[in-house]
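Take a look at the letters that make up each chain.
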Amino acid sequence: MIRKMISGMTAAGLSLGMASAAFAQAGPIKAPTAEQMATMVNKGDVAWMLVSAALVLMMSIPALALFYGGLVRTKNMLSVLMQVLMIVSVAALCWVCWGYSMAFTGGSPYVGGFSKMFLAGVSTSTYAATFSNNVYLPEYVYVIFQMTFACITPALIVGAFAERVKFTPLMIFTVLWLTLVYFPMAHMVWYFAGPDFLSDNTSDAGLIYGWGGLDFAGGTVVHINAGIAGLVGCLVIGKRLGFGKEATPPHSLTMTMIGASLLWVGWFGFNAGSGLESNAATALAFINTFVATAAAAVSWSIVEQIKHGKPSMLGAASGAVAGLVAITPAAGYAAPMGAIVLGLVVSPICFFFVTTVKNALKYDDTLDVFGVHCIGGIVGAIGTAIVADPRLGGQGWIDYTVFPAKAGTYDLVGQIITQVKAVVLTLVLSGGVSAILFIALDKTIGLRPTEEAEREGLDISEHGERAYNG
């Protein structure tokens, strides 16, 4: 039995009766037809969602590619750019062929069905629900927006074993990981029947959604999911040649700064777009994304000032990304002051993991995917339960098992327990399946280039090009 149904939207943005003049005059329409849905589409929402999709795409290419590329050595710069570009391309094709159907159709609490494979049945006359009664988007808009999330998530993983992975097995891993991990996770966390339909079929929802899990924009689906996969990958592939003995400084922190800045800008589409509408809740997610990130950048710099006597640009950029990760699941639920607290808290925790824990355990997470994305995602996922509490200024949750939807009673302890369950499930699913995939690929076609190729650099050995000629 579903304990409660949690929307990705918040009380602040719940439109409940404001979709159209007809809605306002006649009251909400339960289970509207496609023809009725067509009258419930707002051009402002459509425009904002398409802009948000473009912003999220920018987070992958060029933002993530430049952020990661600047952190590796010159001889591997082009390989990182190529890996990110091609993962985005491969993921987009997987999404429209079978991913969208697996993630966002009914079937079971664990994964959707295949009724919309190759976008069968999706047209300019079909619509997707938002988080408000009687507010809809053209289904293509929803397909596009969610596709950008599927594109960036596997691209995050490559930072954990940058400079030492072969290109072709990485592409094969991407297809398999998306199919076996990402699409089911997206379904479990984000799929539900929609505000106008759920009350008639309360079992039509993903597993974690049915638990009452809060994940506004992807703390579990994107960051913890990718972060634990990255850790498993770096452990299976092994350490870089000379790790701990040879200096491996970033070749261009200027590029890393540019990449981090573009990530921050693109993240407004990532978080504020996840409300699926253009309203007050969108503005809330926007400002939370802004101030949490600022707080985390400041917090990391303060920690470095105390620890090393001087703050670094790399540290500030890492802090900003940690803040973006932490606020992702909470963006639509926290008040701005709560978002600032989340940002201030996440950086010292991530700093501890990328320095003390990483050095103690001696694993070679090249670009700190686990320390920033997985740990930051866990902090954000659990912290969401706290900052969402209305008694602390949060937005609470919306109960869609009634029609029209309304705010539900908030249980802080129960919500924390639910969030922890969601985190554990994500770690087990992604970590376990990723381990099987990495080991299977390593034992068959091999994941790692030869020692000679690795020393020469992946730019030449894998792609026959150099990032820089001069």
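A short tour of the structure in this document, coming up.

Parameters and conventions
- Residues numbered from 1 in each chain as written.
- Predicted model: local features only at pLDDT ≥ 70, side-chain atom pairs only at ≥ 80, totals over all residues.
- Heavy atoms only, no water.
- Helix = DSSP H or I, 4+ residues; strand = E, 2+ residues; numbered from the N terminus.
- Rg over C-alpha atoms; globule rule 2.2 N^0.38 Å.
- Buried < 20%, exposed > 50% of the residue type's maximum accessible area, 1.4 Å probe, protein only.
- Areas by Shrake-Rupley, 256 points an atom, 1.4 Å probe, with all protein chains shown as cover.
- Lys, Arg positive; Asp, Glu negative; His and termini not counted.
- Charge placed at Lys NZ, Arg CZ, Asp CG, Glu CD.
- Phe/Tyr/Trp six-rings, centres within 6.5 Å; stacked < 30°, edge-to-face > 60°.
- Lys NZ or Arg CZ within 6 Å of the ring centre and 35° of its normal.
- Contact = heavy atoms within 4.5 Å.
- Salt bridge = Lys/Arg side-chain N within 4 Å of Asp/Glu carboxyl O.

### Let's talk about the overall build of the protein chain
A count of helical and extended segments in the protein chain gives 16 helices and four strands. Its C-alpha atoms give the protein chain a radius of gyration of 22 Å, near enough to 23 Å, the size a compact globule of 470 residues would have. Dimensions of the protein chain, computed from C-alpha atoms along their principal axes, come out at roughly 70 × 50 × 40 Å. Taking all 470 residues of the protein chain together, 59% fall into the buried category. On the protein chain, roughly 16,900 Å² of surface is accessible, and the fraction owed to carbon and sulfur atoms is 68%. If the 23 positive side-chain charges of the protein chain are averaged to one point and the 25 negative ones to another, these points end up 8 Å apart.

### Some details on the packing of aromatic side chains
In this structure the tally under the stated criterion is 24 aromatic pairs. Here F131 and F192 contribute two aromatic rings whose centre-to-centre distance is 6.0 Å and whose plane-to-plane angle is 5 degrees, an arrangement assigned as stacked. Of this pair, F131 sits in the loop between β1 (127-129) and β2 (136-138) while F192 sits in the loop between α6 (167-190) and α7 (207-211), placing them 61 residues apart in sequence. Given a relative accessible area of 11%, F192 falls into the buried group. A network of ring pairs unites the aromatic residues W95, Y100, F104, Y142, Y182 and F183 as a single cluster. Of note, K421 hangs over the ring of W211, and the distance from its end group to the ring centre comes to 4.4 Å.

### Regarding the environment of P249
Within the secondary structure, P249 is located in the loop between α8 (219-237) and α9 (253-272). Along the backbone, P249 and G70 are 179 residues apart, and their C-alpha atoms lie at a distance of 9.9 Å. With residues near it in sequence (within four places) discarded, P249 still touches V72 and R73.

### Some points on unusual backbone geometry
Residue P62 is bonded to the preceding I61 through a cis peptide linkage, with omega at 10 degrees. Residue placement: P62 occurs in helix α3 (residues 43-71). Each neighbour pair has its own omega, and for F403 with P404 the value is -5 degrees, a cis peptide bond. Looking at the element boundaries, P404 is found in the loop between β3 (398-399) and β4 (406-407). Although it is not a glycine, L119 sits at a positive phi angle of roughly 60 degrees.

### Some thoughts on the pattern of salt bridges
Throughout the structure, instances matching the rule amount to eleven salt bridges. Here E139 and K116 are joined by a salt bridge, their closest N and O atoms 2.6 Å apart. Of this pair, E139 sits in helix α5 (residues 139-157) while K116 sits in the loop between α4 (77-104) and β1, placing them 23 residues apart in sequence. K116 sits in the partly exposed class, given a relative accessible area of 21%. With a closest N to O distance of 3.4 Å, E451 and R455 form a salt bridge. One end of the pair is E451 and the other is R455, both in helix α15 (residues 451-456) and four residues apart, which spans about a single turn.

### Remarks on the environment of A54
In this fold, A54 is placed in helix α3. Accessibility expressed as a relative area gives 48% for A54, which makes it partly exposed. Along the primary structure A54 and Y127 are separated by 73 residues, whereas in three dimensions their C-alpha atoms are 20 Å apart.

Just geometry here; none of it tells us what the structure is for.
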